[in-house]
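For reference, the chains in residue letters:
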Amino acid sequence: MGNKGHLRFASSTGAVLLSVVACIVTTSSLVVSQGIETIPPKLYAKLPASNVPLLCRSNKPASSCTVRIPGYANTYDVHDLPNGIEYYGESLQRGECGIMFNSLKSTNVGKFQCNMTVGGEVFQQSIEIEAALSPEPTDITIGEDAIVEHGAFAPNQTLRLTCSSNNANPASNLTWLLDDDVIDPSYLQPVQTIEGVDGKGRRIVSVSQELNYFVTLKDHGRKIVCRADHFAIQKGFYRGFLPLSFRFIPEPVPTINIGESIINVTIKANPRPATSWKVNDMTIVEGQSLGPYQAYYPKDLGFGNYLVLLRINEPTNQSDLIELTASNELGSRGYVIRAQKIEPTPAAPGRGTTTFFLISLWTYLCSVIVTCVLRMP
């Protein structure tokens, strides 16, 4: 289920790690053998690549250096290289022997080898060059034990999800998110890796990882994301995502806010609830105006939240018992609001009096009581 969403070296030792970023990735730490280190120890290149350096380095001066270059039959002195390849490094006196590909192509995939003469001895070291391959789009699969009802997940269950990023070189790096938040690694199984060879004889690597995540109604409207990062992808990564959706009747405890002459209730439900208000034996259906009362259609705020408004367009002369009913295909919930008139407050010069009403709200099926003040015109 997924949105099928997605480094170059310079001319000195210190710049090597900077310019390689856009098209090349190297493996872990430097390789040191017989006093010679290679930078990088292994090269993954997004082909074709420009200005790609390979360097062998000794901590002592070298008197000479020859190289064998994949795609070329001969052994070359680093000061007599074929066209399209230049010497790279500070100098042999500083113990640096390397080459710079002006254009690295698929014919140059293989083993680069340098032979450095240091203190009268010849030391040999090599760098393996491999073609970097972009993975297939990231995918998330759901375990067969998931409980799905009418196209939505049942709440309060553990979802077993597997994310796969296939046929890349090197392997993709997987990250799990809940919206934009990184998921606790304790919910994850170890990454599984499978290596193989594609039809062109190129090494490919597929990785997968399982997530076991317990979902509740609080997750409604969120999404689980698996991000596969790989430098060979044009935008750097692919994403697979799974929307979390649940079906539930209107919840028993709403959020209430009171403004001037308006009752504002936020109800959580899915699917969208139909609403009506009952005041003094008078029923006002959503979208309808009746007497001093105007009922609005529920406004979808996202994540299963719906804003329900009742406007009171003129002061009332008695205590009002107001009932809000919200229903969807899964059930109905009633909420009771009691508006109690309080004596008018003195008005400022040039302004009318203001009537206040005390609002108490509770539901038929819950003992929670919320009190607020409603200001009337």
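One can find the structure itself at the top, above this paragraph.
Counted under the stated rule, the structure contains three disulfides. The partner cysteine of C56 in its disulfide is C114, sulfur to sulfur 2.0 Å. Measuring the twist about the S-S bond at about -100°, one finds the C56-C114 disulfide to be left-handed. Placement of the pair is C56 in strand β5 (residues 49-58) and C114 in strand β10 (residues 110-118), with a sequence separation of 58 residues. The exposure class assigned to C114 is buried, which follows from its relative accessible area of 0%. In this model C163 forms its disulfide with C226; the gap between the sulfur atoms is 1.9 Å. On the S-S bond that ties C163 to C226, the torsion sits near -80°, and the link is left-handed. With C163 in strand β15 (residues 157-168) and C226 in strand β20 (residues 223-229), the pair connects residues that are 63 residues apart, well separated along the chain.

With that out of the way, let us pick up the sheet that holds strand β19 (residues 203-215). One open sheet accounts for four strands, arranged β12-β15-β19-β18; its pairing is antiparallel. The open sheet is flanked by β12 (139-142) and β18 (192-197), the only strands paired with a single partner. Each strand axis lies, on average, 25° off the axis of its neighbour in the sheet, ignoring direction.

With that settled, consider unusual backbone geometry. Residue I39 is joined to P40 through a cis peptide bond whose omega torsion reads 0°. Each neighbour pair has its own omega, and for N169 with P170 the value is -5°, a cis peptide bond. Turning to its location among the elements, P170 is positioned in the loop between β15 and β16 (173-178). In this structure, F303 takes a positive phi of about 55° despite not being glycine. Position of F303 among the secondary structure elements: in the loop between β28 (299-302) and β29 (305-312). Exposure remark for F303: the relative accessible area of 46% places this residue in the partly exposed category.

Turning to the sheet that holds strand β17 (residues 181-182), a few remarks are in order. Strand order in the open sheet formed by four strands is β17-β16-β20-β21, and the pairing between neighbours is antiparallel. Edge positions in the open sheet fall to β17 and β21 (237-243), since each of these has one partner strand only.

The subject of this paragraph is the pattern of salt bridges. Counting across every chain of the model gives twelve salt bridges. Its salt-bridge partner being D179, residue R222 comes within 3.0 Å of it at the nearest N-O pair. With R222 in the loop between β19 and β20 and D179 in the loop between β16 and β17, the pair connects residues that are 43 residues apart, well separated along the chain. Residue D181 pairs with R222 through a salt bridge whose shortest N-O separation is 3.6 Å.

Looking now at the packing of aromatic side chains. Under the counting rule described, the total for this entry stands at two aromatic pairs. Taking 6.2 Å as the distance between ring centres and 90° as the angle between the ring planes, the aromatic pair formed by Y72 and Y76 counts as edge-to-face. Their ring planes at 90° and their centres at 5.8 Å tell us that Y187 and Y213 sit as a pair that is edge-to-face. With Y187 in the loop between β17 and β18 and Y213 in strand β19, this pair connects stretches of sequence that are 26 residues apart.

What counts as what
- Residues numbered from 1 in each chain as written.
- Predicted model: local features only at pLDDT ≥ 70, side-chain atom pairs only at ≥ 80, totals over all residues.
- Heavy atoms only, no water.
- Disulfide = S-S within 2.5 Å.
- Helix = DSSP H or I, 4+ residues; strand = E, 2+ residues; numbered from the N terminus.
- Buried < 20%, exposed > 50% of the residue type's maximum accessible area, 1.4 Å probe, protein only.
- Pairing = 2+ DSSP bridges.
- Axes fitted to C-alpha atoms, helices over the stretch in contact; angles between N-to-C directions.
- Salt bridge = Lys/Arg side-chain N within 4 Å of Asp/Glu carboxyl O.
- Phe/Tyr/Trp six-rings, centres within 6.5 Å; stacked < 30°, edge-to-face > 60°.

Honestly, it's all geometry; don't read function into it.
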